[in-house]
Amino acid sequence: MSNGRKPYIAGNWKMNLDRARALDLIKTIKGRLGDGSNREVAVFPPSVYLADVAAVAQGSPLGVGGQNIYFEQEGSFTGEISPRMLREVGADRTLIGHSERRHIFGEPDEWMGRKVRLALDGDILPVYCIGETLDERKANRTDRVIKRQLEAGMADVRDSDLRRVTIAYEPVWAIGTGEVASLKQVADAHATIRKWLASHFDKEAAEPVRLLYGGSVSPDNARALFGLEDVDGVLVGGASLKPDTFIPIIEADI
Ligand code: 13P
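Everything numeric here is computed off the predicted structure, so don't read it as measured data. (Residues numbered from 1 in each chain as written. Predicted model: local features only at pLDDT ≥ 70, side-chain atom pairs only at ≥ 80, totals over all residues. Heavy atoms only, no water.)

Trainee: I tried to follow the overall build of the chain on my own but got confused; where do I start?
Mentor: Secondary structure assignment for the chain yields eleven helices and eight strands. Against the 2.2 N^0.38 benchmark of 18 Å for 254 residues, the chain shows a C-alpha radius of gyration of 17 Å, consistent with a compact globule. Principal-axis analysis of the C-alpha atoms places the extent of the chain at approximately 45 × 45 × 35 Å. By the burial criterion, 55% of the 254 residues in the chain qualify as buried. Of the contacts formed within the chain by residues at least 6 apart in sequence, a portion of 72% connects residues at least 24 apart. Of the roughly 11,400 Å² that the chain leaves accessible, carbon and sulfur atoms contribute 48%. In the chain, 33 side chains carry a positive charge and 37 a negative one; their mean positions are 1 Å apart. (Helix = DSSP H or I, 4+ residues; strand = E, 2+ residues; numbered from the N terminus. Rg over C-alpha atoms; globule rule 2.2 N^0.38 Å. Buried < 20%, exposed > 50% of the residue type's maximum accessible area, 1.4 Å probe, protein only. Contact = heavy atoms within 4.5 Å. Areas by Shrake-Rupley, 256 points an atom, 1.4 Å probe, with all protein chains shown as cover. Lys, Arg positive; Asp, Glu negative; His and termini not counted. Charge placed at Lys NZ, Arg CZ, Asp CG, Glu CD.)

Following this line, the structure appears as structure tokens:
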């Protein structure tokens, strides 16, 4: 953590909780957050609960986002939602390219640039997720995969957009497995991303982009992750579903 970037702690609720528990959770987080000026906290609930969760979060520093968007604003795209729809129900951000979207639902790299662009155009802050599979890591292809995914997702991003862009590095093999990447693996991947950004954009414009780590983040490992120079925050799955585990991560010494 360095360079004056505000720490960012994000909770991806995935397809979990029910309405009552989602509302309990957001109320508890809101109550514990204070003025939130020294860190940014956001949750990504299932889309059907977004409006209710956003209504509770309103007036607090908590961000609320969608877990995915499509790359058109409207039309015959059954099951999809657009940035404009997210905005309308009180969300201000979205995940894009989460590994579960890529690997369970087959979303291709080619969609990612369009999604990131449409989010930015729709005043929705993108958290663009990238990361290699276990096979790719074993084949020493981690760097190549990360760069390919960055090239796809950032294809239509301009220097002036970068202040609003966040990138989450989530190695697929560390998601939901309890197996957190080693500090060296995280540091190396984040350094690769930083370097890629600095060489593809104006160096100064790329400085504010925050890099989050995701994959089995817990209260036990959050502090060490925050200690890494190029880690500006975390994207938390399972541990974001309960105040007992999410709040200590929010409050891990930053
Ligand atoms: P876990 O924290 O459950 O491993 O999930 C990580 C993740 O996919 C967050 O987007």
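After presenting the structure, the write-up continues.
Trainee: What's the story with the packing of aromatic side chains in this structure? I'm lost.
Mentor: For any pair of aromatic rings, the description rests on two quantities: the centre-to-centre distance and the angle between the ring planes. Taken as a whole and assessed by the stated rule, the structure comprises six aromatic pairs. A connected cluster of aromatic rings, assembled from ring pairs, spans Tyr70, Phe71, Phe77 and Trp111. (Phe/Tyr/Trp six-rings, centres within 6.5 Å; stacked < 30°, edge-to-face > 60°.)

Trainee: Is there a simple way to think about the nonpolar core in this case?
Mentor: Taken as a class, soluble globular proteins show a tendency for nonpolar side chains to be buried jointly. By size, the foremost hydrophobic cluster in this structure holds 66 residues, and its most contacted members are Met154, Ile167 and Leu197. When residues in this core are grouped by element, the largest group, six residues, is from helix H1 (residues 19-33). Tyr8, Ala10, Ala168 and Leu235 belong to the second-largest nonpolar core, a separate cluster that totals ten residues. (Core = buried A, V, L, I, M, F, W, Y, C linked by side-chain atoms within 4.5 Å.)

Trainee: Before we go on, may I ask you to explain the pattern of salt bridges in this structure?
Mentor: Evaluated as defined, the whole model comprises 22 salt bridges. Between Glu251 and Arg32 there is a salt bridge, with the nearest N and O atoms lying 3.2 Å from each other. Here Arg32 lies in helix H1 and Glu251 lies in the segment after helix H11 (243-250), a separation of 219 residues in the sequence. A relative accessible area of 49% places Arg32 in the partly exposed class. One salt bridge connects Arg84 with Glu74, and the closest N-O pair in it is separated by 3.5 Å. Placement of the pair is Arg84 in helix H3 (residues 83-88) and Glu74 in the loop between strand E3 (63-66) and H3, with a sequence separation of ten residues. Taking the relative accessible area as the measure of exposure, Arg84 reaches 45% and is therefore partly exposed. Members of the salt-bridge network, linked through shared partners, are Arg5, Arg194, Asp230 and Asp232. (Salt bridge = Lys/Arg side-chain N within 4 Å of Asp/Glu carboxyl O.)

Trainee: Before we go on, may I ask you to explain the site of the ligand in this structure?
Mentor: If you check the shell around the ligand, you find 13 residues, and the closest are Lys14, His98, Gly176, Ser216 and Gly238. Residue Asn12 places a side-chain N or O atom 3.0 Å away from an oxygen atom belonging to the ligand. The separation between an oxygen atom of the ligand and a polar side-chain atom of His98 is 2.8 Å. Surface burial for the ligand is 95%, taken as the share of its 310 Å² of free accessible area covered by protein chains. Residues that form the shell around the ligand fall into these classes: four nonpolar, seven polar and two charged. (Near = heavy atom within 4 Å. Polar contact = N/O pair within 3.5 Å; in protein donor to acceptor, adjacent residues only side chain to side chain. Nonpolar A, V, L, I, M, F, W, Y, C, P; charged D, E, K, R; others polar.)

Trainee: What should I look at first to understand the sheet that holds strand E2 (residues 40-44) in this one?
Mentor: Sheets are built from strands paired through backbone hydrogen bonds, the pairs being either parallel or antiparallel. Sheet architecture is closed into a barrel: eight strands sit in the order E1-E2-E3-E4-E5-E6-E7-E8, paired in parallel fashion. The mean inter-strand angle of the sheet, taken between neighbouring strand axes irrespective of direction, is 25 degrees. When E2 meets E3, the two strands line up parallel, connected through two bridges. Of the residues in E3, the one forming a bridge with Val43 is Val64. Strand contacts of helix H2 (residues 50-57): E2 and E3, with the helix running at about 170 degrees to E3, the strand carrying the most contacts. (Pairing = 2+ DSSP bridges. Axes fitted to C-alpha atoms, helices over the stretch in contact; angles between N-to-C directions.)

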